[in-house]
Amino acid sequence: MRKSSPSLVPLDATHFLQLTAVDFTGIYAVHLAAKEERLKMTRLAMSLLSGPFLAAIALASAKVIDPAQLTAWERIPWYLFALVTAFGLLSVLPFLRLIEAVNAHARTARAINNFRLLYSSRLKDELDWSPNLPVDPRFPETYAPLTWPGINVMMLALVNSTYLTIGVTGLAKQVPNLPLLLLSILLVAMVHYAIYYVRCNVTRRRRMPHNPYDFPNLET
C-alpha cells in the first residue's frame, strides 16, 4: 500500500518562535553536557595522577620505606617508578575520552547550527530578527587546540608525558639528565598531540551515513 505524502502546513511566526525556543534549549544542553564531561574526565585524570603520591605517603607512613629515600633519585625504590608509569598509562584513558567528548559535542553543536540556519533566514524576513548565535554548520571546528577543551586535553597530555617519561627512566635505572629528560617529555607529549590531531581530523572526514533522499550535507 502506497503511503500518501504528508500535506505541507504553512508555518507562521509562532512556529518559528517555538523552533527558536527548542534551539536555545538544545544548545544550552550541549554546552552543559560538554562542561560536565570535561569536569568529570579532568577529575578522573587528577585522581589517577595523584595515585603515586598517595602510595608514597602510605608507604612512608607504614614505615615500608624511609622518607629520606625520596629525596635522592638513586634511592627511590623501583616500585614507586612502576606506580608512576602505571598511573601515567591509566591517565591516557581520560585523555582519549576527552578527545571523543570534544568531537561528540562539536558534532552536536554543528547540527544545531545547521538547524538554526533553516529558520533564521525566515525569521529575519518575517520578524526582522535573527538569533545572536552561529548559523555556520561548520562551526565549531573539531580540531581547535587554543579553545578551552583543546587546552584541557593538551595540558593533560603534558602531565601524562611527564609521568611516563619519569617512570620509564626510573625503571631503566638511568641517571636523569635534565635537558634529555625535558626533550623526552616533549617527544611523548608530541605523540599525545598527534593522537589528538589525527583523531579530530579523522572525525571530520568520517564516513557519512546513507542518505536516501540525496539532500546536501552541510556538515564538514
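Residues numbered from 1 in each chain as written. Predicted model: local features only at pLDDT ≥ 70, side-chain atom pairs only at ≥ 80, totals over all residues. Heavy atoms only, no water.

### Here we look at the pattern of salt bridges
Inference 1: This structure, assessed with the given rule, holds 2 salt bridges.
Inference 2: Between R97 and E37 there is a salt bridge; the shortest N-O distance is 3.2 Å. Taken as a pair, R97 in helix 4 (residues 92–127) and E37 in helix 1 (residues 13–49) lie far apart in primary sequence, 60 residues in all.
Inference 3: Taking relative accessible area as the criterion, R97 reaches 38% and is therefore assigned partly exposed.
Inference 4: E37 sits in the buried class, given a relative accessible area of 14%.
Inference 5: Ionic pairing is found between R199 and E100, a salt bridge with its closest N-O pair at 2.7 Å. Taken together, the residues span a long stretch of sequence, with R199 in helix 6 (residues 178–204) and E100 in helix 4 at a distance of 99 residues.
Inference 6: You can call R199 partly exposed: its relative accessible area is 30%. (Salt bridge = Lys/Arg side-chain N within 4 Å of Asp/Glu carboxyl O. Helix = DSSP H or I, 4+ residues; strand = E, 2+ residues; numbered from the N terminus. Buried < 20%, exposed > 50% of the residue type's maximum accessible area, 1.4 Å probe, protein only.)

### A closer look at the packing of aromatic side chains
Two aromatic rings are characterised by how far apart their centres lie and by the angle between their planes.
Inference 1: Under the definition given, this model contains 2 aromatic pairs.
Inference 2: Ring centres of W73 and F81 lie 5.0 Å apart, and the angle between their planes is 50°; this geometry places the pair in the tilted category.
Inference 3: Considering the side-chain rings of W78 and Y79, the 5.9 Å spacing of their centres and the 80° angle between planes classify their relative orientation as edge-to-face.
Inference 4: In this structure W78 comes out as exposed when scored by relative accessible area, which is 58%.
Inference 5: For Y79, a relative accessible area of 29% puts it in the partly exposed group. (Phe/Tyr/Trp six-rings, centres within 6.5 Å; stacked < 30°, edge-to-face > 60°.)

### Topic: helix 3 (residues 78–90)
Inference 1: Between its first and last C-alpha atoms helix 3 spans 19 Å; for 13 residues at 1.5 Å apiece the expected length is 18 Å, and the two agree.
Inference 2: Of the residues making up helix 3, those classed as buried are L80, F81, V84, T85 and G88. Seen from one end, helix 3 has its buried residues packed into an arc of 140°, which puts them on one side. Within helix 3, the exposed residues directed more than 90 degrees away from the buried face are W78 and L89. (Expected span 1.5 Å × (residues − 1). Arc of directions from axis to C-beta.)

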